[in-house]
Amino acid sequence: MIQKNAAWREKNHGWVFPFVGFVDPSVAGCDVHKQPFVCRNNPFSRISGFSLIELVVTLVIASIIVAWGVPNFRTFIQNNSMTGQVNELVGDINYGRSEAIKRVIPIGMCISSDGATCTGADWALGRILWVDQNANNVFDAGETVLRSREATGGSAGTTIRVGSGTPPTAPSSMTANGLNPLIITARGAASISGIAQFRFCDSRGVDHARTVTVSATGQVQTLKGTPILGNAIACP
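Okay, so let's go over this structure. Quick caveat, the model's predicted, so the values are computed rather than measured.

1. Quick look at the pairing of strand β8 (residues 220–224)
Here is step 1 of the chain: Pairing of strand β7 (residues 210–215) with β8, which is carried by five bridges, proceeds in the antiparallel orientation. The residue bridging Val214 from the neighbouring strand is Val220, located in β8.

2. Section: the state of the cysteines
Two cysteines joined by a covalent bond between their sulfur atoms form a disulfide.
Here is step 1 of the chain: In total, this model carries two disulfides according to the counting rule given.
Here is step 2 of the chain: Paired through a disulfide, Cys110 and Cys118 show a sulfur-sulfur distance of 1.9 Å. Because the sign of the S-S torsion sets the handedness, a value of about -85 degrees for the bond joining Cys110 and Cys118 places this disulfide among the left-handed ones.
Here is step 3 of the chain: Here Cys201 pairs with Cys235 through a disulfide, and the sulfurs are 2.0 Å apart. Across the S-S bond linking Cys201 and Cys235, the dihedral sits near -70 degrees, which makes this disulfide left-handed. Note that Cys201 is positioned in strand β6 (residues 195–201) and Cys235 in the segment after β10 (231–232), a separation of 34 residues in sequence.
Here is step 4 of the chain: Of the residues examined, Cys201 reaches a relative accessible area of 1% and is grouped as buried.
Here is step 5 of the chain: Cys235 gets classed as partly exposed once you look at its relative accessible area, which sits at 28%.

3. Some thoughts on the packing of aromatic side chains
Here is step 1 of the chain: Within the structure shown, the criterion is met by two aromatic pairs.
Here is step 2 of the chain: Judged by centre distance (5.5 Å) and plane angle (75 degrees), the ring pair of Trp123 and Phe198 falls under edge-to-face. Of this pair, Trp123 sits in the loop between β1 (107–111) and β2 (127–131) while Phe198 sits in strand β6, and the two are 75 residues apart along the sequence.
Here is step 3 of the chain: On the basis of relative accessible area, Trp123 is assigned to the buried category, the value being 2%.
Here is step 4 of the chain: A residue is classified by how much of its surface remains accessible, and Phe198, at 1% relative accessible area, is buried.
Here is step 5 of the chain: Between the aromatic rings of Trp130 and Phe139, the centroid separation amounts to 5.7 Å while the plane-to-plane angle is 85 degrees, which identifies the pairing as edge-to-face. The same class applies to Trp130 and to Phe139, which are both buried.
Here is step 6 of the chain: Over the ring of Tyr95 we find Arg147, and its NZ or CZ is 4.1 Å from the ring centre.

Definitions and cut-offs
- Residues numbered from 1 in each chain as written.
- Predicted model: local features only at pLDDT ≥ 70, side-chain atom pairs only at ≥ 80, totals over all residues.
- Heavy atoms only, no water.
- Pairing = 2+ DSSP bridges.
- Helix = DSSP H or I, 4+ residues; strand = E, 2+ residues; numbered from the N terminus.
- Disulfide = S-S within 2.5 Å.
- Buried < 20%, exposed > 50% of the residue type's maximum accessible area, 1.4 Å probe, protein only.
- Phe/Tyr/Trp six-rings, centres within 6.5 Å; stacked < 30°, edge-to-face > 60°.
- Lys NZ or Arg CZ within 6 Å of the ring centre and 35° of its normal.

Written as C-alpha cells, this is what we have:
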C-alpha cells in the first residue's frame, strides 16, 4: 500500500501537495510551477536593504561622531606626548642624581643630535647622560653614555626652552641651548645658580605648556599653567 501511494505521488509529480514540495521540499529540487511558495520566486519574499532616508540618517550620525571625536582624539595624543616627554626629562635628571651619588662622580646631561656625543644647539634635538669621569664638565672621548633620548620634534612638535634664575625672578633668557650641559655633582646637586627651568611647548601655546624646574640641590618639580617664579610662561 505504501509503495503504491509513493508511486502514485511520483507519477503525479506532487500536485496533490502544491504548497509543500516535490516530493519532499527539504531535500528535493524546486519547480516554480509546482511549489510556488517555497521556490526562489516566492511572492511573499522581501528584498532586504537600506532606504534613502535610512542611509541619509546613518551618514548624518556618522559625521556628527567623527566631528566630535577627531579633535578630542588629537588633544588626547598631544597631551600624552607632552606628558611623556616631561616625565622622561624628570626621570633622566633623577636617574643622573642617583648615578652621581652611587658612583661619587659627576653626571652630565647635554644636547645630543646623534645620541652618542654632545652635539647640537637645541634641547629638542635629543640629549644624553654621561659619566663625567674627569669632572671637567665636558664630554670626552671614552666616557660612558648612560642614557640617550631622541628628538622631540622641534618646530613640528614640542619645543624646549631652558634658562635659570633666582626666585622670585624668572630666567631673563630662555633659549633652545640654555644650561648646556647640565652637570649633577657627586653629591646629587645641580651646578646651577638659583632654579633651572625646562619649558615644554607645543602648537597649542601657553595654556598647555609644562615646566620642569631643577633646584640647586637637585630637586625636580613639574608645573602646569602660566605662573612661574612670579612671571608668565611664554611659548615657544
